[in-house]
Amino acid sequence: MSDRIKLEGTTVNAPDALELAHFYAEITGGTASGTSHWASVTGPNGVLSFQQVEDFRAPEWPGNDVPMQMHLDFLVDDLEATGARVLEAGAKLLDYQPNSDHCFVYADPVGHPFCLSTWDAETAARGGTSS
């Protein structure tokens, strides 16, 4: 036994877990499995899970009446090509775009904001400067 903690994944609230899992499986090339109450997407870079919640309310972007408590970031090579692909899958490009030089904010089919970005986590932590 040890006291090591391993990050297993992230779980996102949804009105229908499997339906939202299918959306993320489509845009990431992963595989969706589960039920409308609990589902997961397993893909080449990890696992993302979804749980059904009663009275789901989509977060507002950028407002706070229904605050966004988290969002997903996806690293991409081509913002235009991947943007077109997520729109075709059912995402919506949001009006407020604070970092459009390297990142676009979309909403998934139930309203969760997510980003397609050409900056990885290390570049973002440096504020976009080279190392």
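Predicted, not measured: the structure shown is a model, and the values here were computed from it.

1. Some details on the sheet that holds strand E4 (residues 46-52)
Hydrogen bonds along the backbone pair up the strands of a sheet, which may run parallel or antiparallel.
Working step 1: Taken in spatial order, the 4 strands of this open sheet run E1-E4-E3-E2, and their pairing is mixed. What marks the edges here is a single partner per strand, and that holds for strand E1 (10-14) and strand E2 (31-34). With direction set aside, neighbouring strand axes in the sheet form an average angle of 25°.
Working step 2: The sheet contact formed by strand E3 (residues 38-43) and E4 spans 6 bridges and is antiparallel.

2. Concerning helix H1 (residues 17-28)
Working step 1: The end-to-end C-alpha distance of H1 is 16 Å, a good match for the 16 Å that 12 residues give at a rise of 1.5 Å each.
Working step 2: For H1, the complete set of buried residues consists of Ala17, Leu20, Ala21, Phe23, Tyr24, Ala25 and Ile27.
Working step 3: A distance of 3.2 Å separates the backbone nitrogen of leucine 18 from a side-chain oxygen at the start of H1, and that oxygen is part of aspartate 16.
Working step 4: Positive phi appears at glycine 29, one or two residues downstream of H1, with a value of about 80°.

3. Brief notes about the packing of H1 against helix H2 (residues 79-89)
Working step 1: Packing of H1 against H2 brings their axes to within 10 Å, and their N-to-C directions diverge by 155°. Comparing the axis directions of H1 and H2 gives the class roughly antiparallel. In this structure, H1 meets H2 at a crossing whose hand is right-handed. Packed against H1, whose contacting residues are Phe23, Glu26 and Ile27, the element H2 presents Arg85, Val86 and Ala89 at the interface.
Working step 2: Taken together, the residues that form the contact of H1 with H2 break down as 4 nonpolar, no polar and 2 charged.

4. Focus: the sheet that holds strand E5 (residues 72-75)
Working step 1: One open sheet holds the 4 strands; their spatial order is E5-E8-E7-E6, and the pairing between them is mixed. Unpaired on one side and paired on the other, E5 and strand E6 (92-93) mark the two borders of the sheet.
Working step 2: Of the pairings in the sheet, the one linking E5 to strand E8 (residues 113-117) comprises 4 bridges and is parallel in character. Following the sheet pairing, aspartate 73 is matched in E8 by cysteine 115.
Working step 3: Strand contacts of H2: E6, strand E7 (103-107) and E8, with the helix running at about 150° to E8, the strand carrying the most contacts.

5. Looking at the environment of threonine 28
Working step 1: You can see threonine 28 is positioned in helix H1.
Working step 2: Residue threonine 28 is classed as partly exposed on the basis of its relative accessible area of 30%.
Working step 3: Put simply, threonine 28 and threonine 42 are 14 residues apart on the chain and 9.3 Å apart in space, counted from C-alpha to C-alpha.
Working step 4: The residues touching threonine 28, leaving out its near neighbours within four places in the chain, are Val41, Pro44 and Phe74.

6. Concerning the nonpolar core
Working step 1: Phe23, Tyr24, Phe50 and Phe114 are the most contacted members of the largest nonpolar core, which totals 24 residues.
Working step 2: Top contributing element to this core by residue count: H1, with 7 residues.
Working step 3: Mapped onto the domain boundaries, this core takes at least three residues apiece from domain 1 (1-55) and domain 2 (57-130).
Working step 4: Apart from the residues within four sequence positions on either side, phenylalanine 114 is in contact with Phe23, Tyr24, Ile27, Leu72, Phe74, Val86, Ala91, Phe104, Val105, Tyr106, Ala107 and Asp108.
Working step 5: One finds Leu94, Cys103, Val105 and Cys115 within the second-largest nonpolar core, a separate group that totals 5 residues.

Conventions adopted
- Residues numbered from 1 in each chain as written.
- Predicted model: local features only at pLDDT ≥ 70, side-chain atom pairs only at ≥ 80, totals over all residues.
- Heavy atoms only, no water.
- Pairing = 2+ DSSP bridges.
- Helix = DSSP H or I, 4+ residues; strand = E, 2+ residues; numbered from the N terminus.
- Axes fitted to C-alpha atoms, helices over the stretch in contact; angles between N-to-C directions.
- Expected span 1.5 Å × (residues − 1).
- Buried < 20%, exposed > 50% of the residue type's maximum accessible area, 1.4 Å probe, protein only.
- Polar contact = N/O pair within 3.5 Å; in protein donor to acceptor, adjacent residues only side chain to side chain.
- Parallel < 35°, antiparallel > 145°, perpendicular 65-115°, else oblique.
- Left-handed = near helix turned anticlockwise from the far one by under 90°.
- Contact = heavy atoms within 4.5 Å.
- Nonpolar A, V, L, I, M, F, W, Y, C, P; charged D, E, K, R; others polar.
- Core = buried A, V, L, I, M, F, W, Y, C linked by side-chain atoms within 4.5 Å.
- Domains from an automatic or database assignment.

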